[in-house]
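So the chains spell out like this:
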Amino acid sequence: MKKYGKKLISFLAVASLVTLAACSDTDAETTKSAASSSKDTLYVGVTNPMGNISPLNAAGVSTRWVQRLYFDTLLEMTSPLGFQAKLADSFETTDNQNYTIKLNQDAVWTDGTSITADDVVFTMNLFANPEVETTGLYLTSLEGVDESGKLESGTEIPNLVAVDDKTVTFKTKSPMDPNYVKEMIGTNIFVQPKHVVESIAIGELAGSDAFNKPTVTSGPYKFIDYVQDSYLELAANDTYYRGEPEIPAVFIRVMSATNLATELQTGGVTMNASGGIGEISISDIEMVQNVEGLDVTVQPAWTNQFMYYNTERFDENIRLAMSHAVNRDTIVDNLLQGNAEVTNGPYTSASPYMNEELEPLAYDPEIAKDYIAKSDYDMADPIELMVPTGNKVREQSANLIEQDLEAVGFTVEQVTYDFPTTLEKAKLGDYDLYLGGISVPVDPDLTSYFGSAGSSNYTQLKSPEIDALLEQGKSETDSTKRIAIYNEFQELMQEQAPMLPLYSQNDIVIKNDSLNGGINEYWAGSLYNLQDWTLE
C-alpha cells in the first residue's frame, strides 16, 4: 500500500502543478520546453471519460482502449489484418469453419492461477447468455447463436469445447473469412477468470467488484483504482506472461482538450491517448509542435464522426433533407483548419473497404427544401440536437449544424450531457439528433451499429436490405467479393441516410521525448508492446 500511496502523492503533486499551469495560459504558451514526467509513472491523457468499465458491457472507445492495459484478449491486431499472439499462441482453421485455439502455456492470472481453456469457454458462454448485458456482436458467427450474439437455447454454445487445459475448439455457422473471426472473437473479448466470476449471480455482475474493481486480471498492468471522470490507476503486473512491464505504474487522466496541450507541456501528461479519445484542440497544434521535448505526429485516423438520426422520428426524406442542409466543408475548413476529411459513409479513407467511387452528399439547401416538401413532417416541431461534452470540435460543429438546419426551416435546440449519459441515451434511442463518433474496425462488418439487432444501433434502424447485406458480407470468405458487398452497403446507407457522415479528424499523436514507445500508425494496436515501453 505504501508503494501505491507514494505514487498517488506523486500524481497529486504533478496534478497540482498542472492545475496551476492550466490557470495561466500565457505562461504555458511562452514556455517552449516540455517538462519530463516521473520516470516510474506513465501519465496518459484522455478527453473521453471512460464511464462504465464492465469488461463485458463497456461501449465507449476510451473504455475499451484502457481496459487493454489490464485485460488481455486472445489476439491483437497490430496492423490492418495483421494479428499477433496474446493469450492465444495460435488461432487456426483448415476449412474456415472449424477453429482451434492453443493458449499460451505461461499465461497466468494476477493471483497466479493458470489461464486455461475453461476460462475462454466460460467467457464466451457468458457473452452469449441472453441474461447477461453485453456490447458488441462478436459471437454472431457461431452455431447456436442468434443475430444479436445470444444463445437461442440453453447456456452453452454448441461445439465450443475445452479440449484440454490449453486448447479450445469452436465452429461457425458456415465458412467465413478467418480474419473476420479473428478480429471479432480474437481481439474484442476480454477473457475473464472463471474461478472468480462464476460464483457471482448473473444479475449482480454489472455492479460487482470483479468487474468494477478487478483484482484478478491478465494484462500487463494490475487494476488499482478508478475514479469516474477523473483517473484510472494501474501498477505493473510482475507475473505478466509476456514480460514484466518496464514502467512501474500508469495513470490514465481524464481532462478537457483545452487542458491537454498544457499538461503535455508541463509534464503532467506523458502522452495523449490519440485515436479520437485524447485529442488536443486544433488551435493548440502549432503550439505543441514548437515545444522542445514533445514529439508530435499527424496521421490518418480510423475514427469517424456522425450525426445520427433517430429513424423512428424522422422519415427518409427528412433525413436526406438534413444531410443536404449541413455544410461539412465548413466544419473541416473552419473548425479543423483542413486537418480532416469529409467522409462519404461509415468508413474513413484509412480503411481498405471505403467505397472510393461514392461521393459525399452535396451541400445544397435547395435540394434539402425539395426533400422537405416531399415529407409530411411538421416543421414547427423543435428538434433536439444531443451533443456529448468533452470534444471541443464536436461541440463547436453543433453550432454550425444548428445554423445550417435552421437555414432550411428546422427549429433546433442543443442539449448537452457528459459522454456516458449521451451514450446511454443513444443506445435507448432517447434523442432526435446525436453527434457521436466510432472507431471504425478494420473488418468492415458494422452489424453492431447498423444491424436491426445491433447493440449500438443508435439510429434504431430497421432495414431488411441493410441487414441482408451485412449478413452477406459476414458470410462471404472471398475478400474481393466482400469489397463489392460493402460497396453496395455504403451506397444503400447513403440512400437511406440513417446518419450523416461528418468528418474524420486526423490523429495528433503527442508524447514526451522521455518515453520510448507510444502510439503506432495503426492506433488500435498501439498497446501490444506496452510492457516494453520505457521512460528515461
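Throughout what follows, the structure given in this document is the object of discussion. (Residues numbered from 1 in each chain as written. Predicted model: local features only at pLDDT ≥ 70, side-chain atom pairs only at ≥ 80, totals over all residues. Heavy atoms only, no water.)

A word on empty space enclosed by the protein
Moving on, step 1. For the structure shown, the criterion picks out seven cavities of 30 Å³ or more.
Moving on, step 2. In this structure, the largest cavity spans a volume of roughly 690 Å³.
Moving on, step 3. Counting residues per element, the ones that place at least two in the lining of the largest cavity are α3 (61-67), β2 (75-79), α5 (178-186) and α15 (447-450).
Moving on, step 4. Taken together, the residues that form the lining of the largest cavity break down as 18 nonpolar, nine polar and five charged.
Moving on, step 5. When its volume is computed, the second largest cavity comes out at roughly 190 Å³. (1 Å grid on protein atoms, 1.4 Å probe; cavity = no way out; pocket = protein on both sides within 12 Å on 5 of 7 lines; lining within 4 Å. Points joined across faces, edges and corners; volume = space filled by probe spheres on them. Helix = DSSP H or I, 4+ residues; strand = E, 2+ residues; numbered from the N terminus. Nonpolar A, V, L, I, M, F, W, Y, C, P; charged D, E, K, R; others polar.)

As for the sheet that holds strand β14 (residues 340-341)
Moving on, step 1. The six strands are arranged β14-β18-β13-β17-β15-β16 in an open sheet whose pairing can be described as mixed. Two strands close off the open sheet at either side, each with one partner strand: β14 and β16 (411-417).
Moving on, step 2. Here two bridges tie strand β15 (residues 382-388) to strand β17 (residues 433-439), and the two strands are oriented parallel to one another. Residue Leu385 lies in a different strand from β17, and its bridge partner there is Leu433. (Pairing = 2+ DSSP bridges.)

Considerations on the packing of helix α16 (residues 464-475) against helix α17 (residues 479-496)
Moving on, step 1. Taken N-terminus to C-terminus, the directions of α16 and α17 make an angle of 160°; their axes are 9 Å apart at the nearest point. Considered as vectors, α16 and α17 are oriented roughly antiparallel to each other. Between α16 and α17 the crossing geometry is left-handed. Contacts between α16 and α17 involve Glu465, Ile466, Leu469, Leu470, Gln472, Gly473 and Lys474 from the first element and Arg482, Ile485, Tyr486, Glu488, Phe489, Leu492, Met493 and Gln496 from the second.
Moving on, step 2. When the residues that make up the contact of α16 with α17 are grouped by side-chain class, the tally is eight nonpolar, three polar and four charged. (Axes fitted to C-alpha atoms, helices over the stretch in contact; angles between N-to-C directions. Parallel < 35°, antiparallel > 145°, perpendicular 65-115°, else oblique. Left-handed = near helix turned anticlockwise from the far one by under 90°. Contact = heavy atoms within 4.5 Å.)

A short note on the environment of Thr311
Moving on, step 1. For Thr311, the position within the fold is in the loop between β13 (303-309) and α10 (316-325).
Moving on, step 2. For the pair Thr311 and Ala497, spaced 186 residues apart in sequence, the C-alpha separation works out to 8.9 Å.
Moving on, step 3. Here Thr459 takes part through its backbone oxygen, which lies 2.6 Å from a polar atom of the side chain of Thr311. (Polar contact = N/O pair within 3.5 Å; in protein donor to acceptor, adjacent residues only side chain to side chain.)

Some details on the side chain of Thr343
Moving on, step 1. Its location among the elements puts Thr343 in the loop between β14 and α12 (365-374).
Moving on, step 2. Of the polar contacts made by the side chain of Thr343, one reaches the side chain of Asn304; its length is 2.9 Å.
Moving on, step 3. If we ignore the near neighbours within four places in the chain, the residues touching Thr343 are Asn304, Arg328, Thr348, Pro360, Pro501, Leu502, Tyr503 and Ser504.

A word on unusual backbone geometry
Moving on, step 1. Residues other than glycine seldom take positive phi values, yet Asn96 does so here, at roughly 65°.
Moving on, step 2. Its place among the elements puts Asn96 in the loop between β4 (88-93) and β5 (98-103).
Moving on, step 3. Overall, the relative accessible area of 25% leaves Asn96 in the partly exposed class.
Moving on, step 4. In this model, Asn159 sits at a positive phi of 65°, which is unusual for a non-glycine residue.
Moving on, step 5. For Asn159, a relative accessible area of 42% gives the class partly exposed. (Buried < 20%, exposed > 50% of the residue type's maximum accessible area, 1.4 Å probe, protein only.)

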